[in-house]
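Chain residues, written in single-letter form:
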Amino acid sequence: MLFKKKRFRPSDDRGPLRVMFVITSMPIGGMETLLAQILRRMDRDRFSPELCCLKFFEPFGEELAKEVPGFTGLLSHKYDLRVLPRLTKLLQRRRIDAVVTVGTGGDKMFWGRLAARLAGVPVICSALHSTGLPDHVERMNRMLAPITDAFIAVAGPHAKYLTEHEGCPVEKVRIVPNGVDTERFCPLPKNEALRASVGLPEGAPTVGIVAALRPEKNHELFLRVAARVRKTIPAAHFLVVGDGVRRADLERLAGELALTEAVHFVGSRNDVPQLLSQTNVFLLTSHMEASPVSILEAMSCELPVVATQVGSIPESVVEGETGFMAPAGDEEALAARVVELLGDPRRAEKMGRAGRERVLGIGSVQAMVSGYENLIREIYDSKSTKRTAAQPDPQAEKAVHTPQS
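Described in the following lines is the structure provided in the data block.

Rules of the game
Residues numbered from 1 in each chain as written. Predicted model: local features only at pLDDT ≥ 70, side-chain atom pairs only at ≥ 80, totals over all residues. Heavy atoms only, no water. Pairing = 2+ DSSP bridges. Helix = DSSP H or I, 4+ residues; strand = E, 2+ residues; numbered from the N terminus. Axes fitted to C-alpha atoms, helices over the stretch in contact; angles between N-to-C directions. Buried < 20%, exposed > 50% of the residue type's maximum accessible area, 1.4 Å probe, protein only. Right-handed = clockwise from strand over helix to strand, strands pointing away. Phe/Tyr/Trp six-rings, centres within 6.5 Å; stacked < 30°, edge-to-face > 60°. Salt bridge = Lys/Arg side-chain N within 4 Å of Asp/Glu carboxyl O. Contact = heavy atoms within 4.5 Å. Expected span 1.5 Å × (residues − 1). Core = buried A, V, L, I, M, F, W, Y, C linked by side-chain atoms within 4.5 Å. Arc of directions from axis to C-beta.

1. A closer look at the sheet that holds strand 1 (residues 17-25)
Spatial strand order, 3-2-1-4-5-6-7: 7 strands in an open sheet with parallel pairing. Strands at the two margins of the open sheet, each flanked by one partner only, are strand 3 (70-72) and strand 7 (173-175). Sheet twist, expressed as the average angle between the axes of neighbouring strands with direction ignored, equals 25°. With 3 bridges connecting them, strand 6 (residues 150-153) and strand 7 associate as parallel partners. Its bridge partner being in strand 7, A153 is matched across the sheet by I175.

Rendered as structure tokens:
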């Protein structure tokens, strides 16, 4: 009886669908930024989004909880089994119509889907944003594939990776490309006061990266590329936007490479568009990626991109048109491309303009939000009670019998 299939009223015959997004916590990162955009931009006439951070909000989550219903503190530690009844009761109390777990593997993906099933939630989806370690779909999470309606990939190559390496059934993998707010991320004039506040000398050619300080982002390679670039362009400076537990190790490596005065670690920031506009080239040195939103943000700010050729990056960066790519770990090739762009500002600016045009065409945030909306509604309606020709539309019937004044 617990898992008996139910039928639900069609979405056209009811109010907004209540959608709960389940995540462990909300540090500032690419995945979390995308989630914030979805929460803020879903059509309130058709959807009512809510946020559940199983462990804690963090500042980003606290900010979002002022804008949408937010819930936290359901999971006190890794083996806290009480999270299941807590989350199940929450979903029932909030009368949730769709659960979307956000992130690859882990507790949010497991407990979020299982609680949704127990609560009788019509739509159960998992949005996955990474490819490989440290995040992956563990065996216990793979076992819940039968109760999952869709696994959301961010690009074609990412979808293929999920089916070939993460055990996601091919018929359940759906693609919703990442998007960026092109109004917020746009080219802005140089701001010498802002540059000075983060340690950038006036007029210094600057290379930037925006990424959480996690192993797969390979900031060590970024620093080694920086050291090579400085040999050719001694005035070059480097801006590292993002934070994490590895910051001390990376700062120590910067010192060993004689880069202490040239590399500026500024931590997590709320003024990323402004900081990007103070740089000349965006450099991403990741070991692995799905479809990094930071590249789209940089391109939207009219920055040429130099990146490793991993994951779905080739779908964003057009070689020789919006930037350059090199094999993962190829320090020499990456440095050569950065030097090339810093030494040819006209070409760099032309690539930057082409990059923004590309984002405007394929990477808008509204297209991403609409993708989630359409997928959730499609799955919900596939499980709803269908009206036949013999069944009158209750809204139409109500209109017919409304007394006239």
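2. Some words on the pairing of strand 11 (residues 281-284)
Neither face of strand 11 is open: one carries V281 and L283, the other F282 and L284, and all of them are buried. Where strand 11 meets strand 12 (residues 305-308), 3 bridges bridge the pair, whose relative direction is parallel. In the sheet register, L283 faces strand 12, and the bridge partner there is V306. As for the winding sense of the linkage, the β-α-β connection from strand 11 through helix 11 (residues 293-300) to strand 12 is right-handed.

3. Considerations on the packing of aromatic side chains
Scanning the entire structure with this criterion turns up 2 aromatic pairs. For the pair F110 and W111, a centre-to-centre distance of 4.9 Å together with 80° between the ring planes defines the contact as edge-to-face. This pair shows no difference in class: F110 is buried, exactly as W111 is. A ring pair is formed by F222 and F238, whose centres lie 6.1 Å apart and whose planes are at 90°; its orientation type is edge-to-face. Highlighted residues: F222 in helix 8 (residues 219-232) and F238 in strand 9 (residues 237-241), separated in sequence by 16 residues.

4. With respect to the pattern of salt bridges
The final tally for this structure, using the stated rule, is 29 salt bridges. With a shortest N-O distance of 2.9 Å, R86 and D80 are connected by a salt bridge. With relative accessibility at 2%, the residue D80 sits in the buried group.

5. Here we look at the sheet that holds strand 11
Backbone hydrogen bonds hold the strands of a sheet together, and the pairing may be parallel or antiparallel. Taken together, 6 strands build an open sheet; the order of strands is 10-9-8-11-12-13 and the sheet is parallel. Here the strands that pair on one side only, and so sit at the sheet edges, are strand 10 (263-267) and strand 13 (323-326). The sheet shows a mean angle of 20° between the axes of neighbouring strands, taken without regard to direction. Contacting strand 8 (206-210), strand 9, strand 10, strand 11 and strand 12, helix 8 runs over the sheet at an angle of about 165° to strand 9. Packed on one face of the sheet, helix 13 (residues 331-342) meets strand 8, strand 11, strand 12 and strand 13 and runs near 175° to strand 12.

6. Overview of helix 4 (residues 106-118)
Under the 1.5 Å per step criterion, the end-to-end length of helix 4 is 19 Å for 13 residues, consistent within 8% with the ideal 18 Å. Looking one or two residues past helix 4, G120 carries a phi angle of roughly 75°, positive in sign.

7. Comments concerning unusual backbone geometry
Most of the time, phi is negative for any residue but glycine, and the peptide bond is trans. For E58, which is not glycine, the phi torsion reads 65° and is therefore positive. Since its relative accessible area comes to 29%, E58 is described here as partly exposed. Positive phi, close to 65°, is recorded for E302, a residue that is not glycine. Counting through the fold element by element, E302 comes out in the loop between helix 11 and strand 12.

8. Some points on the nonpolar core
The nonpolar side chains of a soluble globular protein tend to be buried, and buried together. Within the largest apolar cluster, 62 residues are counted, with the highest numbers of intra-cluster contacts made by L223, V229, L276, F282 and I295. In terms of residues, this core owes the most to one element, helix 8, which gives 7 residues. Residues within four places of V229 in sequence aside, it is in contact with A236, F238, A335, V338, V339 and L342. Formed by 37 residues, the second largest nonpolar core is a distinct cluster that contains L17, I23, A36 and V369.

9. Digging into the pairing of strand 8
Buried residues dominate strand 8, accounting for 5 of its 5 residues. Pairing of strand 8 with strand 9, which is carried by 5 bridges, proceeds in the parallel orientation. The residue bridging I209 from the neighbouring strand is V240, located in strand 9. Across 2 bridges, strand 8 lies against strand 11 in parallel orientation. Counterpart to G208 in the pairing with strand 11 is F282.

10. Notes on the environment of L128
Topologically, L128 is positioned in the loop between strand 5 (123-127) and helix 5 (139-142). For the pair formed by L128 and L221, sequence separation is 93 residues and the distance between their alpha carbons is 26 Å. In this view, L128 contacts G103, T104, M109, V137, F151, I152, A153, V154, H158 and L162; residues no more than four positions away in its chain are not counted.

11. Re helix 6 (residues 156-165)
Within the span of helix 6, buried status applies to H158, A159 and L162. Buried residues in helix 6, looked at end-on, bunch into an arc of 105°, giving them a common side. Buried-residue contacts for helix 6 involve strand 6 and strand 7. Two residues or fewer past helix 6, G167 is found with a positive phi of approximately 70°.

12. Let's talk about the environment of T24
Here T24 lies in strand 1. For T24, the residues in contact, after removing those within four places along its chain, are C53, L54, K55, F56, D107 and K108.

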